[in-house]
Amino acid sequence: MLFLPPKPELAQFNWERITKQWSSLTLQTKTIADGAGQGEEFKALEQQVSGFVVNGDVAQLNHTLLKRKGVRVLTQLWIDKQEIRKGSLNEATIDYIQAKHPKLGMSSLMNLISLVYRYFDALVDGNIFNKLTAWIKQQIAQRLDERKKSSDTIISVLNSAKWLFDLTAPKALVNLAKQNHLDLSEQLKKLRLNELPQGRFLDVCHAQYYLDTLREIPVGEPNDILHELLKRDVATMPFEEGKRIGHIALEIIIDRSAGAPSEVWQNFVLNLAGDPRIANTAKNYREWWKPIGEHRIKAVTSWLAKEDLKLFLGAIAEYANHTGDESLNRMYPARKRFLEGLYEHGFVRNARLMLGYQAENTVKRVLGKSLTTSYIKLKAMPQTSIIYLDCGDFHIVEGSHNFKLWIYMGLPSERVTNYSLTELTHGELTNRFPAEFNERLPNGKYLAIQHSPTSWQKNAIDFLTDNGVELDLEKLFDSDKYRRYVNRYGLPVVKKNTQENNLLEVNLLKALHAYQPITAKELVKVLDNEFSMFADRPTVNAKLYTMLSQKKVTRDESFCWYLAD
């Protein structure tokens, strides 16, 4: 975990002098590292010390640490072996070595420095990081006190740049690179820090640089940083608060994109984390989506709803052009404008694309690449494309060819919220969905509209406004068609107060917070008794299932309702 205390002051350091000193430091480090541990005697002692640690023989370990060579071996093992670090890198061992060896040998001191840089913030469990860095600083101060004059050695370098042992050092280095108008690699090279042992310190420096750059590049534009962040070893690198570098990158991209991501940034999100419209128990969902928060998941779901809508409309247009289907070509512009208008209203919260195998091939041909969005396969409907749109208080199922426009005032079927569902048939969409809707919501309303050129739009608009949905008709028609429609039918009148519907949701959330788990029947009583709000059971059920599709609530097998996590 990377903690970032206040940034140290950098102006006090003479960077030109320190640059030269680091050359000396890194050369000495390499010489000592290359020469360390050579010889049979050293290797035999390594095996002995490893055995003492693994077997928990503290007495024998302490006896070995009475000699400088024992300390040198143990500090080298701390670098090389995780089980030895886990078993002996603790405050008690450090205190014992400090007591027995007030002044460390140079090899042991260099091992400690290498240890800190290689594992850096991974050493923050307990007080080990602070203990180690304080120890190193004490050893450096002691050596300097013994010298009569200063020199450009490892000791003077580290004494001048103590901030490099601070957890804020990566952030400080990134800021320094910006001040000097250098990229990070150039800044590291300037200070010779690129010659340090490869490890967590340099990883965090690069990660900090990537993320800071991601926050500053123009929104939506391509950048080499995106390619770096997609590398598995970079994306999965631990960063802070239990999150990885990839999680922070996703948060930055999603937050900066708002509701209109560029293709480049949307592809970055999908290539890194995959489609979020999968079961919340799926490994990829738990690994990448759950840590970044529900509001970001909803944002990307909305992006992908627009993408699915675009793919659906593209499949219809391509099929119509390819086959020369005149009726489909005539109907296409109006259907396209109507569905896009629903999205422009802000109604569309989620979507599921459904494709027959020929329609699937058409979409891939149009894209010129494989599909990154998830979709349901349509069985025995090879040429058909269907789109399901969750519009909050109403739901749309629209299809190509002779498929009707279905509008439901509630969730048509829980199956569309089940992301393990991979296949549907025509019968399930046209018979099973309405049957499940009627069974679950006996008073629920839905309408199946035939795509008659003269009436389908009016039927859809009348049904929606009769059920309390306010529409801006200018978003649903091209300008000339809008004027023609209004001249012929006038503007629709909404027959239901939508504020009442919003209040129902607010009160249901309050009731669930107080009484979950609770059935719909019991919620009706709570609304009446505690909120002075009468709503019959079908109305409550309809609202609950709409909230279920929005992941605001969940339901168990006994039909008890809960607030979503």
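Everything here concerns the structure above.
(A) Fine view of the overall build of the chain. Scanning the chain from N- to C-terminus turns up 27 helices and 10 strands. Looking at the chain as a whole, 50% of its 565 residues qualify as buried. Put simply, 67% of the contacts in the chain that link residues at least 6 apart link residues at least 24 apart. Summed over all atoms, the accessible surface of the chain reaches about 26900 Å², with 49% contributed by carbon and sulfur.

(B) Main features of the pattern of salt bridges. Tallied over the full model, the rule gives 33 salt bridges. Note that Glu287 is salt-bridged to Arg232, the shortest N-O span being 3.0 Å. Of this pair, Glu287 sits in helix 17 (residues 283–289) while Arg232 sits in helix 14 (residues 232–235); the two residues are 55 residues apart in sequence, bridging distant segments of the chain. Between Arg277 and Asp275 there is a salt bridge, with its nearest N and O atoms 2.9 Å apart. Asp275 carries the same exposure label as Arg277, and that label is buried.

(C) View of helix 21 (residues 426–440). For helix 21, built from 15 residues, the straight-helix expectation of 21 Å at 1.5 Å per residue is met to within 8% by its first-to-last C-alpha distance of 21 Å. The sharpest bend along helix 21 measures roughly 35° and falls at Arg432, with the proline Pro434 sitting one to four residues further on. Of the positions making up helix 21, those classed as buried are Glu428, Leu429, Thr430, Phe433, Pro434, Glu436, Phe437 and Arg440.

(D) Fine view of the side chain of Asp308. Along the chain, the position of Asp308 falls in helix 18 (residues 294–323). If near-sequence neighbours (up to four positions away) are discounted, Asp308 is found in contact with Arg277, Ala351, Arg352, Leu353, Thr373, Ser374 and Ile387.

(E) Looking closely at the nonpolar core. Ranked by size, the top nonpolar core spans 86 residues in total, and within it Trp78, Leu132, Leu173, Phe201, Leu229, Val269 and Trp289 carry the most contacts. One finds Tyr343, Ala351, Trp456 and Val469 within the second-largest nonpolar core, a separate group that totals 45 residues.

(F) View of unusual backbone geometry. Cis geometry marks the peptide bond from Gln516 to Pro517; its omega dihedral reads -5°. As for its position among the elements, Pro517 is in the loop between helix 25 (498–515) and strand 8 (518–519). Positive phi outside glycine occurs at Phe120, with the angle close to 40°. Residue placement: Phe120 occurs in the loop between helix 7 (106–119) and helix 8 (128–146).

(G) Seen up close, the packing of helix 18 against helix 19 (residues 326–345). Between helix 18 and helix 19, whose axes approach to 10 Å, the crossing angle comes to 175°. Here helix 19 runs roughly antiparallel to helix 18, going by the angle between their axes. The segment helix 18 lies against helix 19, with Ser302, Trp303, Lys306, Leu309, Phe312, Leu313, Gly314, Ile316, Ala317, Tyr319, Ala320 and Asn321 engaging Leu328, Asn329, Tyr332, Lys336, Leu339, Glu340 and Tyr343. A per-class count over the contact of helix 18 with helix 19 returns 12 nonpolar, 4 polar and 3 charged.

Criteria and thresholds
Residues numbered from 1 in each chain as written. Predicted model: local features only at pLDDT ≥ 70, side-chain atom pairs only at ≥ 80, totals over all residues. Heavy atoms only, no water. Helix = DSSP H or I, 4+ residues; strand = E, 2+ residues; numbered from the N terminus. Buried < 20%, exposed > 50% of the residue type's maximum accessible area, 1.4 Å probe, protein only. Contact = heavy atoms within 4.5 Å. Areas by Shrake-Rupley, 256 points an atom, 1.4 Å probe, with all protein chains shown as cover. Salt bridge = Lys/Arg side-chain N within 4 Å of Asp/Glu carboxyl O. Expected span 1.5 Å × (residues − 1). Bend = angle between axes of the 7 residues up to and from the residue. Core = buried A, V, L, I, M, F, W, Y, C linked by side-chain atoms within 4.5 Å. Axes fitted to C-alpha atoms, helices over the stretch in contact; angles between N-to-C directions. Parallel < 35°, antiparallel > 145°, perpendicular 65-115°, else oblique. Nonpolar A, V, L, I, M, F, W, Y, C, P; charged D, E, K, R; others polar.

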